[in-house]
Number of protein chains: 2
Amino acid sequence: MNENTTGEELSASDLQSGRLSDFAYSSIKEQLARGAYKPGHKLPIRSVAEMLNVGATPAREAINRLVFEGALVMVGPKTVIVPHLDLAALYEVTQMRLALEGLATEKGALRATNDIVDKLLALQEKITLSLDEKRYGDALHDNKEFHFTIYRLCEMPHLLSTIEALWLRVGASFHDLYPEFAEAKYGVHNHLAAIEGLVDKDPSAVRAAMENDIRDGYRRLKKAAQQRLKRQ
Amino acid sequence: MNENTTGEELSASDLQSGRLSDFAYSSIKEQLARGAYKPGHKLPIRSVAEMLNVGATPAREAINRLVFEGALVMVGPKTVIVPHLDLAALYEVTQMRLALEGLATEKGALRATNDIVDKLLALQEKITLSLDEKRYGDALHDNKEFHFTIYRLCEMPHLLSTIEALWLRVGASFHDLYPEFAEAKYGVHNHLAAIEGLVDKDPSAVRAAMENDIRDGYRRLKKAAQQRLKRQ
DNA sequence: TCATGATTTTTGTTATAACAAAATTATGAA
DNA sequence: TTCATAATTTTGTTATAACAAAAATCATGA
């Protein structure tokens with residue numbers, strides 16, 4: 001009974017892991033990554049609990065964890081919201097991404113097999129296609145998969161989960177900027193350069209390409225955010 | 001009434017923050033950093049709750065948070081323990097430390113005032129003295145303060161808390177190795193080089209010195225851990 | 001219209017009990 | 001003794017109620 005036949009609401013029975021806390025955490029996280037909530041949206045424990053059909057304890061735990069990771073922010077002793085645009089935070093996250101994703105890239109580059117390279121090429125084709133058809137959600141999804149396919153190569157689990165938390169953090173506040181951000185076939189050149197570096201067994205080249213990708217993304221996101229802030 | 005007149009047990013009233021979860025988290029964290037528990041020691045929720053005179057909910061939250069940060073590990077669905085020596089984990093943490101602490105150092109170096117430099121010099125003197133008198137606990141404490149005095153300069157709060165989690169992680173598993181690790185006036189040279197770089201307004205020199213410090217520590221810790229593992 | 005204070009509602013936190021499942025101990029046979 | 005299995009205890013998780021405090025709402029006055 002793993003289907004939602006009615007389609008009326010989410011249910012904890014949809015998840016294999018027994019822990020409702022994890023279910024709540026994943027659910028909120030996914031909605032955040034999809035931009036389901038606007039910046040400033042409040043997330044009270046009881047509302048979240050009701051929405052997910054769980055008690056207050058798992059909902060509270062999930063929310064607190066996301067606050068700790070920076071994907072949600074506390075703006076008062078009893079109010080957590082989806083974070084607003086914050087250029088200082090974007091800068092900080094970007095610097096951490098450069099350091100950590102650069103590390104993961106360089107450490108894992110030499111372990112790339114032919115299968116990995118093929119997978120990356122296929123992903124890049126999908127990304128280009130999605131961009132042409134203006135399916136930005138798909139493009140972003142595959143872009144993430146492209147990055148993490150490379151990062152997983154180094155086999156450093158804690159590093160990986162830290163990087164994931166960083167992606168979630170920028171995704172939460174900046175999701176609504178992604179259309180403007182993604183329009184210009186962002187990243188194609190850098191991704192291809194990364195693949196080349198993997199084939200050539202040249203870790204620092206791959207790292208440079210990925211860092212370039214991160215920096216380009218930062219510049220676009222920053223520009224879009226600044227325009228948004230001025231317009232309002 | 002902020003004193004523990006009886007001295008018989010810890011009490012939540014010792015903390016200003018209203019949240020018992022935070023109290024529990026800080027308490028366990030401090031004990032971990034002091035090496036109060038041997039690797040392999042079990043931390044069941046109810047025991048922790050009783051020890052700290054709190055309910056199961058805050059104890060559970062604190063333990064789970066420490067597991068998530070890697071300071072404790074789950075070895076079964078219902079068993080969390082203080083982690084054993086694990087050279088792969090030490091390597092991973094060291095790589096992340098190099099990336100993140102290097103970043104924090106470089107970004108903050110130019111903001112060092114004369115007061116900061118004086119504070120660092122004073123700390124270094126204390127460290128040397130503590131080492132001479134074999135007060136390793138004090139030396140470690142001041143060593144940490146030395147590092148974080150530099151890292152705080154960059155004013156990147158999330159970066160700082162991520163670094164703190166890394167320190168806790170190695171502190172928990174490797175605390176009992178610190179005596180052997182610290183004997184040889186470890187770090188003096190690197191610390192002095194870092195201070196020089198701050199005075200010279202040379203961020204990459206400071207970064208290099210701090211990275212050297214981290215690498216030296218890693219080598220010593222690794223050697224001590226290997227000897228320990230062989231002996232057993 | 002706006003500020004200010006009082007009132008009401010909402011909200012986070014925590015202790016607790018109940019349940020299911022894991023960990024531990026006891027038991028028995030080879 | 002050693003290993004498998006059964007019985008027992010311990011343990012993590014969750015829903016819930018109660019409480020205090022914060023947030024929202026309303027009323028009142030200028």
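Just so it is clear, the model here is predicted, and its values are computed rather than measured. (Residues numbered from 1 in each chain as written. Chains lettered and ligands numbered in written order. Predicted model: local features only at pLDDT ≥ 70, side-chain atom pairs only at ≥ 80, totals over all residues. Heavy atoms only, no water.)

### Here's the deal with the interface of chain B and chain A
- On the chain A side, the residues contacting the 24 residues of chain B number 25 residues.
- For the pair chain B and chain A, the summed buried surface comes to about 2300 Å²; carbon and sulfur atoms form 59% of the total.
- Area buried by chain B at its contact with chain A is led by Phe68(B), Glu92(B) and His158(B), which between them contribute 26% of it.
- The interface formed by chain B and chain A includes two salt bridges.
- Residue Glu61(B) pairs with Arg60(A) through a salt bridge whose shortest N-O separation is 2.7 Å.
- The interface formed by chain B and chain A contains 16 residue pairs in polar contact (both at pLDDT 80 or more).
- Breaking the side of chain B that touches chain A down by element, the ones donating at least two residues are helix H3 (56–69), helix H4 (87–108) and helix H7 (157–174) of chain B.
- Element by element, the count of residues in the side of chain B that touches chain A is highest for H4(B), at eight residues.
- Here the residues of the side of chain B that touches chain A sort into 11 nonpolar, five polar and eight charged. (Contact = heavy atoms within 4.5 Å. Buried area = accessible area lost by both parts, 1.4 Å probe. Salt bridge = Lys/Arg side-chain N within 4 Å of Asp/Glu carboxyl O. Polar contact = N/O pair within 3.5 Å; in protein donor to acceptor, adjacent residues only side chain to side chain. Helix = DSSP H or I, 4+ residues; strand = E, 2+ residues; numbered from the N terminus. Nonpolar A, V, L, I, M, F, W, Y, C, P; charged D, E, K, R; others polar.)

### Overview of the relation of the copies chain B and chain A
- At an RMSD of 0.0 Å, chain B and chain A line up after a rotation of 180° and a shift of 0.0 Å along the axis. Between the two chains, the operation in question is that of a two-fold axis. Across chain B, the smallest distance between a C-alpha and the rotation axis is recorded for Ala99(B), namely 2.7 Å. (Least-squares fit on C-alpha atoms with pLDDT ≥ 70 in both.)

### Looking at the domain arrangement of chain A
All names here are of chain A.
- When cut into domains, chain A gives domain 1 (12–81) and domain 2 (87–231).
- Between the C-alpha centres of domain 1 and domain 2 there is a distance of 26 Å.
- Tallying the contact residues gives 10 residues for domain 1 and nine residues for domain 2.
- At the junction of domain 1 and domain 2, the tally comes to zero salt bridges.
- One can count two residue pairs in polar contact (both at pLDDT 80 or more) joining domain 1 with domain 2.
- Those elements that provide at least two residues to the side of domain 1 that touches domain 2 are helix H1 (20–33) and helix H3 (56–69).
- Considering every element that reaches the side of domain 1 that touches domain 2, the biggest residue donor is H1, with three residues. (Domains from an automatic or database assignment.)

### Remarks on empty space enclosed by the protein
- Scanning all chains against the criterion turns up four cavities of 30 Å³ or more.
- Here the largest cavity is characterised by a volume of approximately 250 Å³.
- Residue lining of the largest cavity: 14 residues in total, with Phe68(A), Thr162(A), Phe68(B), Thr162(B) and Ala165(B) positioned closest to the centre.
- Broken down by secondary-structure element, the contributors of at least two residues to the lining of the largest cavity are H3 and helix H7 (157–174) of chain A together with H3 and H7 of chain B. (1 Å grid on protein atoms, 1.4 Å probe; cavity = no way out; pocket = protein on both sides within 12 Å on 5 of 7 lines; lining within 4 Å. Points joined across faces, edges and corners; volume = space filled by probe spheres on them.)

### Section: the protein's contact with DNA strand C
- Neighbouring DNA strand C are 21 residues, the closest being Arg46(A), Arg19(B), Leu20(B), Gly55(B) and Lys78(B).
- For DNA strand C, the backbone makes up 61% of the atoms found within 4 Å of the protein, where backbone means sugar plus phosphate.
- Separating a phosphate oxygen of DNA strand C from a side-chain N or O atom of Lys42(B) is a distance of 3.2 Å.
- Contact distances for DNA strand C include 2.8 Å between a base nitrogen and a side-chain N or O atom of Lys78(B).
- Those elements giving two or more residues to the surface near DNA strand C turn out to be helix H2 (45–52) and H3 of chain A together with helix H1 (20–33) and H3 of chain B.
- Split by residue class, the surface near DNA strand C holds seven nonpolar, seven polar and seven charged. (Near = heavy atom within 4 Å.)

### Re the UniProt feature "domain: HTH gntR-type" (unreviewed entry) in chain A
- According to UniProt, the "domain: HTH gntR-type" (unreviewed entry) feature falls on residues 18–85 of chain A.
- End-to-end, the C-alpha atoms of residues 18–85 of chain A are 35 Å apart, and along that stretch the chain is 53% helix and 10% strand. (UniProt positions renumbered as here; feature names shortened; annotations may be inferred.)

### A word on the protein's contact with DNA strand D
- Close to DNA strand D lie 21 residues; Arg19(A), Leu20(A), Gly55(A), Lys78(A) and Arg46(B) are nearest.
- Backbone atoms, meaning sugar plus phosphate, form 61% of the atoms of DNA strand D positioned within 4 Å of the protein.
- In this structure, a phosphate oxygen belonging to DNA strand D sits 3.2 Å away from a side-chain N or O atom of Thr79(A).
- Those elements that provide at least two residues to the surface near DNA strand D are H1 and H3 of chain A together with helix H2 (45–52) and H3 of chain B.
- A total of three residues in the surface near DNA strand D trace back to one element, the largest contributor, which is H3(A).
- Its residues assigned to classes, the surface near DNA strand D comprises seven nonpolar, seven polar and seven charged.

### Comments concerning helix H5 (residues 114–132) of chain A
All names here are of chain A.
- Along its 19 residues, H5 runs 27 Å from first to last C-alpha, staying within 8% of the 27 Å computed at 1.5 Å per residue.
- Of the residues making up H5, those classed as buried are Ile116, Val117, Leu120, Leu123, Gln124, Ile127, Ser130 and Leu131. The buried residues of H5 all sit within an arc of 145° when viewed along its axis, so they share a single face. Of the exposed residues in H5, those oriented more than 90 degrees away from the buried face are Asn114, Asp115 and Glu125.
- On its buried face, H5 sits against helix H6 (136–151), helix H8 (178–182) and helix H9 (188–199).
- At the C-terminal side of H5, Lys134 shows a positive phi close to 60°. (Expected span 1.5 Å × (residues − 1). Buried < 20%, exposed > 50% of the residue type's maximum accessible area, 1.4 Å probe, protein only. Arc of directions from axis to C-beta.)

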